[in-house]
2 protein chains.
Amino acid sequence: MRLKAVLSYDGTNFSGYQVQPGKRTVQLEIENALQTICKNETKVIASGRTDAGVHAMGQVIHFNTKVKMEGWQWLKALNALLPEDIQVKEISEASEQFHARYDVVGKEYRYFVNNSESVDIFRRNVEAHYKDGINVDAMRDAAEYIIGTHDFTSFCASNTSVIDKVRTVEKIEILENEKRIEFRFVGNGFLYNMVRILVGTLLEIGSGKRSSDEMNSILKACDRTKAGKTAPAHGPGVDLNVFFV
Amino acid sequence: MRLKAVLSYDGTNFSGYQVQPGKRTVQLEIENALQTICKNETKVIASGRTDAGVHAMGQVIHFNTKVKMEGWQWLKALNALLPEDIQVKEISEASEQFHARYDVVGKEYRYFVNNSESVDIFRRNVEAHYKDGINVDAMRDAAEYIIGTHDFTSFCASNTSVIDKVRTVEKIEILENEKRIEFRFVGNGFLYNMVRILVGTLLEIGSGKRSSDEMNSILKACDRTKAGKTAPAHGPGVDLNVFFV
């Protein structure tokens, strides 16, 4: 039987999603909890990986098991076993063909910036702090160039093994509310560090270090060195991702 | 020279405010930072103590020093030395007579409850989670009995050395917004665990386990065993305090 689950996690104290020897990762904690329930090794497939310090609001996973329980029983059992920084929000039986990674139809990433005078220590793990004035309209103009299907090589960390760097960004929203700025990116998939490099570049435009039009030449250059800095993931800083599967 | 500072701290990873042997406390971290700046032991007096897991938005402290710096230099130096879960928000010279504890004119405590179906893992250290339906109006009616000057023995942890348990509660606000409830208590001072016992008792009234009128008899009884459970401080749960000095 194949099960599909939707997770939230607070990435602050994880070395990212994916299992790495000797590190505390989200995947490891989930597989440990499933081992306890299923009494055998149970591999989990996720819709995507997240870096250290990056949180998830709706990460989708699947796994196979012979254990028969109702959805609410799975929810209760897993949440009882998982640490307090991982939460199963939904779980239900899926078809045997369902695949959390290959069946993704879209992803949404959010990035939060506190643009007030000082750090909010209660949100230090979920938002980046930028004191400088930010021109949101300039960032919105720049974001227009990003919408659509493009080769995003300029916005991909150079240490990646991915060959095809063409992705489609369907929507970018930049919301502003009382000295807080929220970026929302919706697309079919994102390259390694792509959201954080986009945010870093947009912030350089917003703070006047670059013009909005530069976004177009950066994109066309297909050269990582032309784009801005990678915005921080953690302490402070975050992307919050929602996967639609 | 005497300095007055206003602090915020995230109490999650502290064993409370006050120095205790072998424990990580807020006072210890501040005194360590001051030791580095002042090159000698510098004792700090706070307007009040907070328990493990309890946060502060505006804790006031004072200390004496011979080091001469401008306020902005103190702010920068202290925030550079302090860990990321303590923040100095303001600091300035005070009169030699100023005393952070004896000069308190009022305190405000806040307590946050998430009344939705499931825990919000991103707020697990700042709000308590109660799934049961809560009648906010019943809690507001009960809170009326608490306003004023009373002997609060029923709402004080029994392991206290304080003799005089008469305090004045000036205002209680209970705010409700999209499945979140916020309690705000303003008074001249609060006994040990008083806010959390008041919240615990109000929640028993809100969830229908007790009537609003019972608050009056609990108060009059001057007996801790008559009141409700102490609401949790941490993991999940919090009081957030603001001191007016």
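The rules behind these values
Residues numbered from 1 in each chain as written. Chains lettered and ligands numbered in written order. Predicted model: local features only at pLDDT ≥ 70, side-chain atom pairs only at ≥ 80, totals over all residues. Heavy atoms only, no water. Contact = heavy atoms within 4.5 Å. Buried area = accessible area lost by both parts, 1.4 Å probe. Salt bridge = Lys/Arg side-chain N within 4 Å of Asp/Glu carboxyl O. Polar contact = N/O pair within 3.5 Å; in protein donor to acceptor, adjacent residues only side chain to side chain. Helix = DSSP H or I, 4+ residues; strand = E, 2+ residues; numbered from the N terminus. Nonpolar A, V, L, I, M, F, W, Y, C, P; charged D, E, K, R; others polar. Disulfide = S-S within 2.5 Å. Buried < 20%, exposed > 50% of the residue type's maximum accessible area, 1.4 Å probe, protein only. Phe/Tyr/Trp six-rings, centres within 6.5 Å; stacked < 30°, edge-to-face > 60°. Least-squares fit on C-alpha atoms with pLDDT ≥ 70 in both. Pairing = 2+ DSSP bridges. Arc of directions from axis to C-beta.

Q: How do you make sense of the interface of chain A and chain B when you look at a structure like this?
A: Put simply, an interface is often sized by how much accessible area is lost when its parts join up. Each partner contributes to the interface: chain A provides 17 residues, whereas chain B provides 18 residues. Roughly 1400 Å² is buried in total at the junction of chain A and chain B, and carbon and sulfur atoms are behind 55% of that figure. Summed over the three residues of chain A that lose the most area to chain B, namely Ile 121, Phe 122 and Arg 124 of chain A, the buried surface amounts to 46% of that side. Applying the counting rule to chain A against chain B returns four salt bridges. Linking Arg 124 of chain B and Glu 84 of chain A is a salt bridge whose minimum nitrogen-to-oxygen distance equals 3.3 Å. On the surface where chain A and chain B come into contact, there are six residue pairs in polar contact (both at pLDDT 80 or more). For the side of chain A that touches chain B, the secondary-structure elements that each account for two or more residues are strand E1 (2-9) and strand E3 (55-64) of chain A. Counted by class, the side of chain A that touches chain B contains eight nonpolar, five polar and four charged residues.

Q: How do you make sense of the state of the cysteines when you look at a structure like this?
A: Disulfides are covalent bonds that connect the sulfur atoms of two cysteines. Residue and element names in this part refer to chain A. Counted by the stated rule, this structure contains zero disulfides over all chains. No disulfide involves Cys 222; its nearest neighbouring cysteine sulfur is the one of Cys 156, lying 11 Å away. Using a relative accessible area of 33% as the deciding quantity, one classes Cys 222 as partly exposed.

Q: Please explain the packing of aromatic side chains as it appears in this structure.
A: For any pair of aromatic rings, geometry is given as the distance between the ring centres together with the angle between the planes. Residue and element names in this part refer to chain A. Under the criterion given, the structure shown has ten aromatic pairs over all chains. Arranged with centres 5.2 Å apart and planes meeting at 70 degrees, the rings of Tyr 109 and Phe 190 form a pair that is edge-to-face. Residue Tyr 109 is located in strand E5 (residues 106-114), and its partner Phe 190 is located in the loop between strand E9 (180-187) and helix H4 (194-206); the two are separated by 81 residues in the primary sequence. Of the two residues, Tyr 109 and Phe 190, both sit in the buried class.

Q: Even after reading the chapter, I still don't get the pattern of salt bridges, so can you show me in this structure?
A: Close approach of charged atoms allows side chains of opposite charge to pair. All names here are of chain A. By the definition in use, this model includes 30 salt bridges over all chains. Glu 41 is the salt-bridge partner of Lys 43, the closest N and O atoms lying 3.9 Å from each other. Of the residues examined, Glu 41 reaches a relative accessible area of 62% and is grouped as exposed. Several salt bridges share partner residues, and in doing so they unite Asp 120, Arg 123, Glu 127 and Arg 180 into one network.

Q: Hey, could you run me through the environment of Val 26 of chain B in this one?
A: Residue and element names in this part refer to chain B. Examined against the element boundaries, Val 26 turns out to sit in helix H1 (residues 26-38). Classification of Val 26 by relative accessible area gives buried; the value is 0%. C-alpha separation for the pair Val 26 and Lys 39, spaced 13 residues apart in sequence, amounts to 19 Å. Dropping the residues within four chain positions of it, Val 26 is found in contact with Tyr 9, Phe 14, Gly 16, Tyr 17 and Ile 86.

Q: How should the relation of the copies chain A and chain B be read in this particular structure?
A: The operation relating the two chain copies consists of a rotation about an axis and a shift along that axis. It takes a turn of 180 degrees to lay chain A on chain B, together with a shift of 0.0 Å along the axis; the resulting RMSD is 0.0 Å. In symmetry terms, the pair is related by a two-fold rotation axis. No C-alpha of chain A lies nearer the rotation axis than that of Arg 123 of chain A, which sits 4.8 Å from it. Here 100% of the interface residues in chain A have copies in chain B that are interface residues too; the copies meet face to matching face.

Q: Explain unusual backbone geometry to me, please; I cannot follow it from the model alone.
A: Outside of glycine, negative phi angles account for most residues, and trans bonds account for most peptide bonds. Phi angles above zero are rare outside glycine, and Cys 222 of chain A is one such case at about 50 degrees. Relative to the assigned elements, Cys 222 of chain A resides in the loop between helix H5 (214-221) and strand E10 (239-244). Its identity is not glycine, yet Glu 178 of chain B carries a phi of approximately 45 degrees, on the positive side. The exposure class assigned to Glu 178 of chain B is exposed, which follows from its relative accessible area of 72%.

Q: I would appreciate a short explanation of the side chain of Glu 127 of chain B in the present structure.
A: All names here are of chain B. Tracing the sequence through the fold places Glu 127 in the loop between strand E5 (106-114) and strand E6 (128-129). A distance of 3.3 Å separates polar atoms of two side chains, one belonging to Glu 127 and the other to Asn 114. Separated by 3.0 Å, the side chains of Glu 127 and Arg 123 make a polar contact.

Q: Hey, could you run me through the pairing of strand E8 (residues 166-177) of chain A in this one?
A: All names here are of chain A. Bridge analysis of strand E7 (residues 148-151) against E8 gives four bridges, and the strand direction is antiparallel. Residue pairing in the sheet places Gly 148 in a bridge with Val 169 of E8. Bridge count between E8 and E9: eight bridges; the pairing is antiparallel. Bridge pairing in E9 links Asn 177 to Arg 180.

Q: Looking at this structure, how should I read helix H3 (residues 136-144) of chain A?
A: Residues spaced three or four apart along an α-helix point in a common direction, a consequence of the helix completing one turn every 3.6 residues. Residues and elements named next belong to chain A. For H3, every residue scored as buried is listed here: Val 136, Ala 138, Met 139, Ala 142 and Ala 143. The buried residues of H3 occupy an angular sector of 160 degrees when the element is viewed end-on, so they sit on one face. As for H3, its buried residues are in contact with E8, E9, H4 and H5. Where H3 starts, the residue carrying a side-chain oxygen 3.1 Å from the main-chain nitrogen of Asp 137 turns out to be Asn 135.

Q: Please clarify how the environment of Phe 112 of chain B should be interpreted in this entry.
A: Along the polypeptide, Phe 112 of chain B turns up in strand E5. Between the alpha carbons of Phe 112 of chain B and Leu 3 of chain B there is a distance of 32 Å; along the sequence they are 109 residues apart.

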